[in-house]
Amino acid sequence: MNFLKKLFSKPTDSICAPVAGKALPISKVSDPTFGEEILGKGIAIQPSEGKVFAPCDATVDMMFETGHAVSLMADCGAEILIHVGLDTVNLKGQHYNVVAKNGDKVKKGDLLLEFDMAAIQAAGYDIITPVVICNSSDFETFQTHVDKDVAVGDTVIELAK
């Protein structure tokens, strides 16, 4: 049975947790742009550490100057948006340290950016971090792994075309 299952199942690609913390359904994000999946399907992570790593092998499509978000083009074809906090663009880069830049080829686990969780929260911002696959409709299979603590590198989304 396992042989037949392997033979007829589509290969899946894994998107791993870019930050350590608690993985949650995207619907838990209070901002409707994310919570209502306007930008695409995904998950959210309540971070326990202020570092964002590449969730897979990819190219940095757009590192926002403010450091609050990064868009990646994954080698598997997924367009990934990692958005650190809600409305944090208003911080104008304060409390963020950008490491990767536009056009960088990154491997899973490479450091992309750092952020000061305590300072962002003290400024009144929610640090929940949506991880959205902006072209999720391109994938026939889209499975999330949420409602658990995750370490950087743990699989949180599985995709197949």
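As a reminder, the structure under discussion sits directly above these lines.
What you see is a predicted model, and the numbers here were worked out from it, not measured in a lab.

Asks: Got a sec to walk through the side chain of Asn-135? Specific residues and values, please.
Replies: Tracing the backbone through its elements, the reader meets Asn-135 in the loop between β11 (129–133) and β12 (141–144). At 2.9 Å, the side chain of Asn-135 forms a polar contact with the backbone oxygen of Gly-77. Beyond its immediate chain neighbours, meaning those up to four positions away, Asn-135 contacts Gly-77, Ala-78 and Glu-79.

Asks: A description of the side chain of His-68 should follow, citing residues and the corresponding values.
Replies: Along the chain, the position of His-68 falls in the loop between β5 (58–63) and β6 (69–74). A distance of 3.5 Å separates polar atoms of two side chains, one belonging to His-68 and the other to His-83. Not counting the four nearest positions on each side in its chain, His-68 is found in contact with Ile-82, His-83, Val-84, Thr-88, Val-89 and Tyr-96.

Asks: Got a sec to walk through the environment of Asp-138? Specific residues and values, please.
Replies: By the secondary structure assignment, Asp-138 is in the loop between β11 and β12. Expressed as a C-alpha distance, the spacing of Asp-138 and Ala-160, which sit 22 residues apart in the sequence, is 8.9 Å.

Analysis parameters
- Residues numbered from 1 in each chain as written.
- Predicted model: local features only at pLDDT ≥ 70, side-chain atom pairs only at ≥ 80, totals over all residues.
- Heavy atoms only, no water.
- Helix = DSSP H or I, 4+ residues; strand = E, 2+ residues; numbered from the N terminus.
- Polar contact = N/O pair within 3.5 Å; in protein donor to acceptor, adjacent residues only side chain to side chain.
- Contact = heavy atoms within 4.5 Å.

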